Structure formats: C-alpha cells, structure tokens
Amino acid sequence: MNIFSNLLSQATQPAPAKKQRRGIEIKSPREIEIMRQSATIVATVLKEISELVKPGMTTADLDAYAEKRIREMGATPSFKGYHGFPGSICSSINNEAVHGIPSPKKVIRVGDVLKVDTGAYYQGFHGDSCISIAVGEVTQEAAKLIRVAEEALYKGIEQVKAGVYLLDLAGAIEDHVKSNGFSIVEEFTGHGVGRNLHEEPSVFNYRTREMPNVKLRAGMTLAIEPILNAGSRHTRTLSDRWTAVTVDNSLSAQFEHTVLVTETGYEILTDRSKL
C-alpha cells in the first residue's frame, strides 16, 4: 500500500512546530525475523486470494476473507483504519490504479484486471504486498500489462544490494516499462516499511532529481511497488477520497514486495513462491 507515501517524497520544509519524522531505520536480526513472519502472513493471504477469486465474487468478499485469514494467523490488518481506510485490502479493478475500497456492490467479472494489496501487523512490524490478477480470459493488452508490471518489479528488486542507490532501482524499472510501451504512475511511490506501514525512504519507480537518491544499507526493508498504466501516467482521485483512477480510463496494473537489503543482495520477504 502506498497511501501518502508520495508525501514522503515531496521536498517541502516541515512546519517548525511539528516534530521531525524519523530517519531510515536499519532492522536488527530479531526485528528482521519478525518481519519475515508478518511478510509470510501477507504472502499467504495473497496466494490464497489469487487461487479463490472468480467471477461473481465481490471485492467485499475478498476483503472479509483477507481479514479473517490475517487474524487467524495472529496478526491484524495493517490497512484497516489506517488514516480512516475502511478495508483490510485495497481492491482496484481495471482503470482503478490504487486504493480501491472493497464493496459488496463491486462485482468481479471475466476479463477484469484485479489488483489486491494488503498488509499484516505482527508483533510490532508490518508486511506489505500487492498482486495483479487476470480474471479469466483477458485481452492481450491486459495480459501484457500484468506481465510487464511483475517483470518491472523484479527488475528493480534485482538491483537491490548494500551500496547501490535508489536511482539504480528506479532506472531499471523505468527502462523496462517504457521499452514495453507503458507508463509509470508518478503520484505514488514505494516506501520503507517496518514498525510503521510507511517509513522513509520513498522508493520511486522512475529517474528523478526531486527525491533523495538514498544509498542502500543492509538491514533496510523496502516496499517496492511499480504501478503501470496502459495509457497516460496520470491519475485522479475519486470523490471517495481514496480510489485513484487513470485519467484516460486506461488499464492499470501493480505488483509489490517487501524486500530486505543484505550485504550481498536481497531477500524477498513476501515471496509467495516459497509457500
């Protein structure tokens, strides 16, 4: 989930009366082990949702399932109540890029591109991940968009290692997306994750000089999450104050993993393939 993570990236002066936000946190081995558990809960829920989703279900059905499973595994939903968000998942369909609110009125149909983003808070630490699901048979454009979005995430992850910079991740993501003819949503970014759902640094998905080019250190935990649109990169937020949709009604896809930076590379904490 990346709600308000874009605010971390803005180069603005803090109000004098407000407390300065905390810097980048390096997790201890004990904290990393807890994060492995919170991340495994998230990965488990998303894998199960990817297997059970079918046309005719509603996004409220998926939300109820996710909350039930997160709590059964001893955690609490990270998203529910976060800045007032009402669900345990963000469920965004087709032209909805991010932060779709689960609803019993939103029915999942054949051909949909469904994004499911969720988080779990376990023993003081969060895990965070998102998947895009092709519901039944989708168009060739939709299938390509989903494939390239997932590839772009891994292109970024493959750059992760102590000593590299955020621009190395951003450049790898941007190059892969643009070479495939898609655009990158810039209004929302990835972020640090740990004790808080959103921590520094902002993890952007495109080259920029407007945000700090942070050098990665072992023990950092990052939520890397490129959001791709088939058309314009721009989004607008609906009257519900959460759901961001593409301005041109084009399709959108997103993938996200919680990733640990190590001295020699990375560990994908929300890796569903290991379940």
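The model shown is predicted, which means the values in this text are computed figures rather than measured ones.

> Account for the overall build of the protein, naming residues and giving values.
In terms of helices and strands, the protein carries five helices and 15 strands. Relative to the globule expectation of 19 Å for 275 residues, the C-alpha radius of gyration of the protein, 17 Å, shows essentially globular dimensions. When the backbone C-alpha atoms are referred to their principal axes, the protein occupies close to 45 × 40 × 40 Å. A buried classification covers 57% of the 275 residues belonging to the protein. Working note: accessible area of the protein is about 11,900 Å², and carbon and sulfur atoms make up 49% of it. Seen as two clouds, the 32 positive and the 33 negative side-chain charges of the protein have centres 3 Å apart.

> Pulling in residues and values, what's your account of the sheet that holds strand β11 (residues 235-237)?
Taken in spatial order, the three strands of this open sheet run β3-β12-β11, and their pairing is antiparallel. Each edge of the open sheet carries a strand with a single partner, namely β3 (96-98) and β11. Taken over all neighbouring pairs, the strand axes of this sheet differ in orientation by 40 degrees on average, direction set aside.

> Before we move on, could you go through the sheet that holds strand β15 (residues 266-268) and cite the residues and values that matter?
If you trace the five strands from one edge of the open sheet to the other, you get β8-β7-β9-β14-β15, paired in antiparallel fashion. Each edge of the sheet is formed by a strand with only one pairing partner; in this case those strands are β8 (199-203) and β15. Strand-to-strand twist of the sheet, defined as the mean angle between neighbouring strand axes without regard to direction, takes the value 25 degrees. Pairing of strand β14 (residues 257-261) with β15, which is carried by three bridges, proceeds in the antiparallel orientation. The partner of Val-261 across the bridge, within β15, is Tyr-266. The sheet strands contacting helix α5 (residues 166-179) are β8 and β9 (221-224), and the helix crosses β8 at an angle near 40 degrees.

> Pulling in residues and values, what's your account of the pattern of salt bridges?
For the coordinates displayed, the defined rule picks out 16 salt bridges. Where Lys-178 meets Glu-174, a salt bridge forms, and the shortest distance between an N and an O atom there is 2.9 Å. With Lys-178 and Glu-174 both in helix α5, this residue pair falls four residues apart, about one helical turn. By relative accessible area, which is 10% here, Glu-174 ends up buried. When salt bridges that share partners are traced, they join Glu-48, Lys-68, Arg-69 and Glu-72 into one network.

> Run through the packing of aromatic side chains, naming residues and quoting values.
In total, this model carries two aromatic pairs according to the counting rule given. Their ring planes at 75 degrees and their centres at 5.0 Å tell us that Phe-85 and Trp-242 sit as a pair that is edge-to-face. Remark: Trp-242 occurs in the loop between β11 and β12 (244-246) and Phe-85 occurs in the loop between β1 (76-77) and β2 (89-93); sequence separation between them is 157 residues. Judged by its relative accessible area of 1%, Phe-85 is buried. Looking at Trp-242, the relative accessible area reads 11%, which means it is buried.

> Residue-level account of helix α3 (residues 59-72), with values.
End to end, α3 covers 20 Å across 14 residues, agreeing with the expected 20 Å (1.5 Å per residue, within 8%). Taken together, the buried positions of α3 are occupied by Thr-59, Leu-62, Asp-63, Ala-66, Glu-67, Arg-69 and Ile-70. The inward-facing, buried residues of α3 abut α2 (29-52), β1, β2 and β4 (113-122). Phi turns positive one or two residues past the end of α3, at Gly-74, with a value near 85 degrees.

> If you had to explain the side chain of Thr-235 to someone new, which residues and values would you point to?
For Thr-235, the location among the structural elements is in strand β11. Classification of Thr-235 by relative accessible area gives buried; the value is 13%. Filtering out sequence-adjacent residues up to four positions away, Thr-235 remains in contact with Ala-97, Val-185, Glu-187, Phe-188, Asn-229, Ala-244, Val-245, Thr-246 and Val-247.

> Tell me what's going on with the UniProt feature "binding site: a divalent metal cation 2" (unreviewed entry) in the protein, and back it up with residues and numbers.
In this numbering, the UniProt entry assigns the feature "binding site: a divalent metal cation 2" (unreviewed entry) to Asp-128, His-191, Glu-225 and Glu-256. With the annotated positions falling across 129 residues, the maximum pairwise C-alpha distance of 10.6 Å places them together in a single cluster. On the secondary structure map, Glu-225 appears in the loop between β9 and β10 (227-229). When residues no more than four places from it in sequence are discounted, the contact partners of Glu-225 are Met-1, Asn-2, Asp-117, Thr-189, Gly-190, His-191, Asn-205, Gln-254, Phe-255 and Glu-256. With respect to the element layout, Glu-256 can be found in the loop between β13 (252-254) and β14. Its relative accessible area of 0% is what places Glu-256 among the buried residues. Once residues lying within four places of it in the same chain are set aside, the contact partners of Glu-256 are Met-1, Asp-117, Asp-128, Ser-129, Cys-130, Leu-153, His-191, Ala-223, Ile-224 and Glu-225.

Cut-offs and rules
Residues numbered from 1 in each chain as written. Predicted model: local features only at pLDDT ≥ 70, side-chain atom pairs only at ≥ 80, totals over all residues. Heavy atoms only, no water. Helix = DSSP H or I, 4+ residues; strand = E, 2+ residues; numbered from the N terminus. Rg over C-alpha atoms; globule rule 2.2 N^0.38 Å. Buried < 20%, exposed > 50% of the residue type's maximum accessible area, 1.4 Å probe, protein only. Areas by Shrake-Rupley, 256 points an atom, 1.4 Å probe, with all protein chains shown as cover. Lys, Arg positive; Asp, Glu negative; His and termini not counted. Charge placed at Lys NZ, Arg CZ, Asp CG, Glu CD. Pairing = 2+ DSSP bridges. Axes fitted to C-alpha atoms, helices over the stretch in contact; angles between N-to-C directions. Contact = heavy atoms within 4.5 Å. Salt bridge = Lys/Arg side-chain N within 4 Å of Asp/Glu carboxyl O. Phe/Tyr/Trp six-rings, centres within 6.5 Å; stacked < 30°, edge-to-face > 60°. Expected span 1.5 Å × (residues − 1). UniProt positions renumbered as here; feature names shortened; annotations may be inferred.

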